[in-house]
Amino acid sequence: AGAPGPRFSRPQSRQTQAAAAACVMVLTQSYAEDQERLRAFLRDFEEEDYDGEVKRKYVERLQVVANRASRTVEVELEDIANGADDGEALCERISSNARRYMEVIASAIDAVLPPATEYVGSDDAHDVMYNLREERMRQERSSRQPEAEDGSEPGGAGVAEGGAKEGELSFPPELLRRYQIRLVPRDGVKVVPLRLVLSAQIGRLVSVKGIVTRVTAVRPQLKVATYTCEACGHEVHEEVTARTFKPLDQCPSRSCKENRTNGKLRMQTRGSKFVPFQELRLQEEADQVPGGHIPRAITVHAYGEVSRACSAGDIVTVTGIFLPTPYEGRNQQRAGLLADTYLEAVAIDKTLKGNADAEIDHSLQEKVAELNAEADVYERLSQSIAPEIFAHEDVKKALLLLLVGGVTNVMEDGMRIRGDINICLMGDPGVAKSQLLKHVKQIAPRCVYTTGKGSSGVGLTAAVTRDQTTGEFVLEGGALVLADMGICCIDEFDKMEDSDRTAIHEVMEQQTVSIAKAGITTTLNARTSVLAAANHAYSRYNPSKSVAENINMPAALLSRFDLMWLIRDKPDLARDRALAEHVTHVHTFCHHPELGFEAVDPKTIRAYVSAAKRFTPTVPPELVEHIVDEYVALRQKDANDPVHNDGFTSARTLLAILRLAQALARVRFSETVASEDVAEARRLMEMSKDSVHGEREEKTHLSPQDKADRIAALVNDLIAGNGGDFIKISDVMPQLIAMGCSPEDLERTIDEYENLAVWTRINDGNTIKLIDPDMD
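Worth saying up front: this structure is predicted, and the values here are computed from it rather than measured.

Thresholds applied
Residues numbered from 1 in each chain as written. Predicted model: local features only at pLDDT ≥ 70, side-chain atom pairs only at ≥ 80, totals over all residues. Heavy atoms only, no water. Pairing = 2+ DSSP bridges. Helix = DSSP H or I, 4+ residues; strand = E, 2+ residues; numbered from the N terminus. Axes fitted to C-alpha atoms, helices over the stretch in contact; angles between N-to-C directions. Contact = heavy atoms within 4.5 Å. Phe/Tyr/Trp six-rings, centres within 6.5 Å; stacked < 30°, edge-to-face > 60°. Buried < 20%, exposed > 50% of the residue type's maximum accessible area, 1.4 Å probe, protein only. Lys NZ or Arg CZ within 6 Å of the ring centre and 35° of its normal. Left-handed = near helix turned anticlockwise from the far one by under 90°. Nonpolar A, V, L, I, M, F, W, Y, C, P; charged D, E, K, R; others polar.

With parallel pairing, the five strands of this open sheet are ordered in space as β16-β19-β22-β15-β23. Single-partner strands in this sheet number two, and they are β16 (447-451) and β23 (563-567). Ignoring strand direction, the axes of neighbouring strands in this sheet form an average angle of 10°. When strand β15 (residues 423-427) meets β23, the two strands line up parallel, connected through five bridges. Residue pairing for β23: Cys424 is matched across the bridge by Met564. On top of the sheet, helix α13 (residues 393-404) reaches β15, β19 (487-491), β22 (529-534) and β23; it is set at about 150° to β23, its chief contact.

Below is the structure:
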């Protein structure tokens, strides 16, 4: 093929040029008309306050800005739709062409901004320059009055400033503005998922929600450049609307042109206007990412008052203008005609990330109320977690409490006591540990799933990366930071390197991530519950080794888990048959077997958990002594049983009992922890400890008569130890639960011995008394 010949642009006809000029004129007139409408709206819009008094809403807001008491003017599009002339159409024009109408709204504010009545603050460099220039212009007008009357132009002032008349100050409007506009979307406008922000929204005002994964340092960005001529002293202003610009170098004043001095311009830093600039990286939330897809992310540019509004790991709702930007440097050669996109933030609202803040629709509210009215809601919800998985009843109850969580207490001095529950599932291969983690991820409103071998220390906590734009080091949150106020599921926990595993020690107790890398020293929030799954040190449990050797984890890490379940796969004829029948039923019908009740779907469980987390139960004073006695009894039991004492009981165990009891109270939608909650928390604690020591199977398979005999022996020993003939049932319950028996077993035993005329109930049935103390 030959070389391409020269290309010639086809000359436009006069009709085409006239049509283009007419369009420009119509657009200009439309903007001018809309500016007049906005002026009238800002000046005349009225609204009733809480006292019923009618006030001019925006006049008062602008007065606060004029007094320098605020730097933000909040303009609500709903007010424009209701109060402005042709408000509905004007709102649509603002939303679809937000970048241009931000300038139109700013011009309308400049026109109606009242003078200051109560000046707050001090003059900045622009005020000083404005006052000095005004004084100089006043002196020039008085000294050159005759020349001004002849129509001459003293010193050329104003011509170089954009054609201003003699004696007028012509600062660019952007230089004199001491406010920033915040557009509030209309009521009912839904947040657009990050994945659905497409090219059709370019130029529009959109609201997106996501998690901040990266923030840069706040740096000043030039908005208006001020130059001074070295020859004539003339001042020139240049508005900067892009990320890059070419500074002026030749003085455009008439004085330099007439004298042919070619004066050089020097930029005046104090006379120029800089605004804070920060770049964010917003990523869609984990529950919005379809399976098998990579999370979408978008760059957010925050200027002025919008900067410093969030940090890495925060969930925010960003209202901004979706704009394109061309690639620069080497990326431009590879991208060609493609353009990158970003969101110019108008407002950033930080979202509270707790599950309690999730909105629940009316139908789910009715289901939640019906569930809460049931007596066995605790059992039903726990059995509805992964119903396809056979058995693990107590493990599922623990997972339900992990989803609900305890109450985080903040002391007066700022110290925090975590309320999130950490659980570790350790067991033989094939006991459905990973499936339980996957199901928790589906239920939890906010959850991050990762594996131990595929996660490094910085991948779990935070990484320091170099920003491509500025070349500076920035923080990028890891899995634990992104799971803030949620759950972090870590599978294959035992496959992690020891150096990487130590990175989560601080997170599991202090719930923060402290970073001191590359000159960056900061602390990030990681208020998350950790759900870990691991195999034994020898893949399967080795009975010839001790428990500590099988677990092979440091005690400092184990003590941070509130519950630790050791799930062993022991051959058992009846259990194996039931398991095989369960599994074959699931594979045959793709549905779990009948549970005796209708399983609750994950969406309803999620709504119930969100409703339960709104309660903040407290421990009543009458239970404090009981909980103290429980903890002391646990410590004494470990001291008296050195064979099974592996150092798991510590002060953190007491806090774990409190967290579990508070979670149980939340399940009941109660603001007070009851003694039954403490007893169930203690039972779960004992069952988890027994699973670690391999005693769980023996205790759970006792016959009813064996349980009755053990309970009777326990009650008689306690009565003999007290030196009397009675014992309170509340004093029997802790040791009863430790034996693997339930309150129902105690009731049956009391009824049996009452029929035998050995015991009787007194004090409204709360105390057991021997009828004949001398009876053996």
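Picking up where we left off.
Here we take up the packing of aromatic side chains. Under the definition given, this model contains nine aromatic pairs. Here the aromatic rings of Tyr608 and Phe669 are separated by 4.8 Å at their centres, their planes lie at 20°, and the arrangement is stacked. Here Tyr608 is found in helix α22 (residues 602-612), whereas its partner Phe669 is found in the loop between α24 (651-667) and α25 (675-693), with 61 residues between them in sequence. By relative accessible area, Tyr608 is classed as buried at 2%. We classify Phe669 as buried; its relative accessible area is 19%. Relative to Trp759, the ring of Tyr753 lies with its centre 4.6 Å away and its plane at 20°, an arrangement referred to as stacked. In this structure, Tyr753 and Trp759 share a single accessibility class: buried. Taken together, the ring pairs connect Phe41, Phe45 and Tyr58 into an aromatic cluster. For the cation-ring pair, Arg100 lies above Tyr31, with the distance from its terminal atom to the ring centre recorded as 4.3 Å. Lys438 extends its terminal NZ or CZ atom over the ring of Tyr449, reaching a point 4.1 Å from the ring centre.

Quick look at the packing of α13 against helix α14 (residues 433-443) now. How two helices pack is summed up by the angle between their axes together with the distance between the axes. Running from amino to carboxyl end, α13 crosses α14 at an angle of 35°, the nearest separation of the two axes being 11 Å. At the point where α13 passes α14, the crossing takes the right-handed sense. Contacts between α13 and α14 pair Val395, Leu399 and Leu403 from the former with Leu436, Val440 and Ile443 from the latter. Residues of the contact of α13 with α14, tallied by class, amount to six nonpolar, no polar and no charged.

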